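These are the residues of each chain, in order.
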Amino acid sequence: MKIIDTANNIAALAAKMARPKVISAYPITPQTTIVEKLAQYVESGELKSEFIRVESEHSAMASCIGAEATGVRTFTATSSHGLLLMHEMLHWAALARLPIVMVNINRAIGPGWSIWSDCNDSIAQRDTGWLQFYCSSNQEVFDTIIQAYRVAEHKDVQLPVMINYDGFILSHTSMPADIPPQEEIDSFLPPYSPEWKLDVDKPITHGNIIGPEYYMEVRYDMQLSQMKAKNVIKDIDKEWHKTFGRSYGGLVEEYMCDDADTVIVASGAIGAEAHASVDELRKKGKKVGLARLRVFRPFPREELKKIAENSELIVIDRNISVGMEGAMATEIKAAVGNDIKQFIAGLGGRDVTHKDIIRMYELAKENKDGWYSVEVE
Amino acid sequence: MVSIKDLPENEYVLEGNAACPGCPITIALRTMLKALGKDTIITVPASCSAVIQSLYPKTSFAVPTLNIAFEAAAASASGIEAALHAQGKDDITVLAWAGDGGSYDIGLQALSGALERGTNFIYVCYNNQMYSNTGVQRSGATPYGAWTTTTWTGKKEKQKNLAEIVMAHDIPYVATASIAYPTDLYRKAKKAKEIKGPKYMEIIAPCPPGWRFDMSKTVEMARLAVETGAWLMYEFENGKLTFNGPSKGIIDGSREPKPVEDWLRMQGRFKNITDDDLKEIKKELKERWEFYRKKSQLF
């Protein structure tokens, strides 16, 4: 069924169709409409699920942990300061190996209060052990939420997944999306079968004190699982393509990269916008491609290295690791081993149009990079 | 009235656990779990009880146990309860088992949230009146005058009354207990198990290394706390406030409490209190009894 709706409404619909047994969330702009919609689904009986109306995001994640540990599929959504308040529990969920799925609407951090898009909220959660997806369209939001449960719950992964998309640019913008029938979603995503749970007939203690002789193995296993998740994500993307006819390239969506001498690397809404920039530059005869970073954790090191073998990279970060540089740029440099051009753009929701991206391309060709619209025009 | 001999023989706090000698928490949890039985899931925030379980890969808790972050016990209980309800397992008791730090202070928001949401669980605050686990720092439950490692010259502020804050949430059952009265504790736990909705219990838990008394005196210390009126045992149920054991007589005036000095002098943490401090402590106790005298007449 084709619908036209906002990313938030489509995210709520995807969450509903994934049939979580427990939803726990606290409202924050620009995530609120997801929570409202899900509450409506539950209260109208359209979705058979427990909805916990928590008093904070910290409790949202803590209750998702409690519920998931008791053996059921869960869902939550947040944004910005809400995600930051969850930080401790994000680590907890990942170390507890609970495949919770969460939507985060990327929004800048205050002060001053900003409700507009940037990715500093989720980039600050980089090391929590969560898998991170960045979406570029409402359709991708829907598809990724369903896929995320398969990835998270996969026996080789068993880690939580965060699906990110830009505040307002996606969250409140209506776009068309194709919604498969429930039975097709059900056959793609079977009911949750937990690897471990709290069970009165098989009592276990989870998370008690662990000495130095065991702790490193716990972390090592998380690392192995994130590495294995790369193939799991790619396989599930292929399966999705076979079933529903859409693919996002797994970890990195490449567009016109094959013969490109220059490849723009971006994610989220800027990644979508860069598509149009590449089209325009191609019309002018420029051999430009786009590598849209869809997955930030696990980091697609091999994919980017391969792209960088034959092309110069221009990386656009909608985040800043203050005191260093854009977080994507740091990691891409570490992955590819050669120099890149790197821009910081769009912080606090500053508009980044396809023309701005073309301008960044031109600047890069003049051997310039930096803070776009601040230190380079 | 159940007698001590009637308590079930089943043990859910196992031998060889990592509690300090003379620890009141194992006494309290042992009694609680005897009342709640096998079909109980327990969630434990950062606290002595996280240590008592002993080190991975061993455990001394024989019911399913989730460890959770310091401020998150009540929120995790909401999640456990929702998941059980979603699976039709409403006969399982959810127990949040937290210290006073995790309840009075860092966990207060989550506790208030879970109470207001009507989470069907039992929240127990075992109150040793300080952060024992981290080495005896003051908490919101530390009494006036008490030495801790963050109040070297004695705490200058009064303790807060968390049970009153909890009662303001209008939940079906609130009870306070003492490990020196295990049958009273057992009866209250049994009652809490049968009531639907949020239940709050608070158990006085004298900590030998923290309060600075001999480890053989834990139960005696918990009894004296009640006999001196420094700790009150009551139940608040269906809008009715009932005092239990010696607390009943202390509140209705039919029983003369033992001098609070008897309790204070046994504890190294009150070693340096002045006569003025003692006056202040006595004044505070009298005010508390008077408050509850009036309250029990109201309800």
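This text goes with the structure placed above it.
Let me sum up the structure you'll find in this document. Remember, predicted model here, so these are calculated numbers, not experimental data.

### Observations regarding the sheet that holds strand 12 (residues 288-293) of chain A
Residues and elements named next belong to chain A.
So, point 1. Strand order in the open sheet formed by six strands is 10-12-11-14-15-16, with mixed pairing between adjacent strands. Each end of this open sheet is capped by a strand with a single partner; those strands are strand 10 (252-255) and strand 16 (370-371).
So, point 2. Pairing geometry for strand 10 and strand 12, over four bridges, is antiparallel. Paired with valine 252 across the bridge in strand 12 is leucine 293.
So, point 3. Together, strand 10, strand 11 (262-266), strand 12 and strand 14 (312-317) form the strand contacts of helix 9 (residues 268-283), whose direction differs from that of strand 12 by roughly 170°.
So, point 4. Sitting on the sheet, helix 12 (residues 354-365) touches strand 11, strand 12, strand 14 and strand 15 (341-344), and the angle it makes with strand 14 is about 135°.

### Some points on the pattern of salt bridges
All names here are of chain A.
So, point 1. Per the stated rule, a full pass over the model turns up 48 salt bridges over all chains.
So, point 2. With a closest N to O distance of 2.9 Å, arginine 126 and aspartate 127 form a salt bridge.
So, point 3. Judged by relative accessible area, which is 28%, arginine 126 ranks as partly exposed.
So, point 4. Arginine 297 serves as the salt-bridge partner of glutamate 331, at 2.9 Å between the closest nitrogen and oxygen.

### Observations concerning the pairing of strand 1 (residues 40-44) of chain B
Residues and elements named next belong to chain B.
So, point 1. Burial within strand 1 is extensive, with five of its five residues counted as buried.
So, point 2. Burial of the side chains of strand 1 extends over both faces: Thr40, Ile42 and Val44 are buried on one face and Ile41 and Thr43 on the other.
So, point 3. Examined bridge by bridge, strand 1 and strand 3 (residues 93-99) share four bridges and lie parallel to one another. Bridge assignment links isoleucine 41 to a residue of strand 3, and that residue is valine 94.
So, point 4. Bridge analysis of strand 1 against strand 2 (residues 65-67) gives three bridges, and the strand direction is parallel. Paired with valine 44 across the two strands is asparagine 67, which belongs to strand 2.

### What to know about unusual backbone geometry
Residue and element names in this part refer to chain A.
So, point 1. Note that the residue after threonine 29, namely proline 30, is joined by a cis bond; omega there is 0°.
So, point 2. Assignment of secondary structure puts proline 30 in the loop between strand 2 (22-24) and helix 2 (32-43).
So, point 3. Positive phi values are uncommon outside glycine, yet glutamine 158 reaches one of about 50°.
So, point 4. With respect to the helices, strands and loops of the structure, glutamine 158 is situated in the loop between helix 6 (138-153) and strand 7 (161-166).
So, point 5. The buried category is assigned to glutamine 158, whose relative accessible area is 7%.
So, point 6. Non-glycine residue phenylalanine 168 carries a positive phi angle of around 65°.
So, point 7. Structurally, phenylalanine 168 can be placed in the loop between strand 7 and strand 8 (174-178).
So, point 8. Given a relative accessible area of 24%, phenylalanine 168 falls into the partly exposed group.

Basis of the calculations
- All residue numbers here refer to positions counted from 1 along the written sequence of the relevant chain.
- Starting at A for chains and at 1 for ligands, labels are handed out in the order in which the entities are written.
- For this predicted model, a pLDDT threshold of at least 70 governs which residues receive local features, and a threshold of 80 or more governs which side-chain atom pairs are given and counted, while totals over whole chains, interfaces and linings are taken from all residues.
- The basis for the side-chain values is all heavy atoms of the structure; hydrogens and waters are excluded.
- Pairing between strands is defined by DSSP: at least two bridges between the two strands are required.
- Put simply, DSSP marks the helices as runs of H or I at least four residues long and the strands as runs of E at least two long, and each gets a number from the N terminus on.
- Here, residues are in contact when the closest pair of their heavy atoms is within 4.5 Å.
- Under this scheme, a helix contributes an axis fitted over its contacting stretch, all axes are lines through C-alpha atoms, and angles between N-to-C directions fall in the 0 to 180 degree range.
- Just to be clear on terms, a salt bridge is a Lys or Arg side-chain nitrogen sitting within 4 Å of an Asp or Glu carboxyl oxygen.
- Burial here depends on accessible area, computed with a 1.4 Å probe over protein chains only, as a share of the maximum for the residue type. Under 20% is buried, over 50% is exposed, and the range in between is partly exposed.

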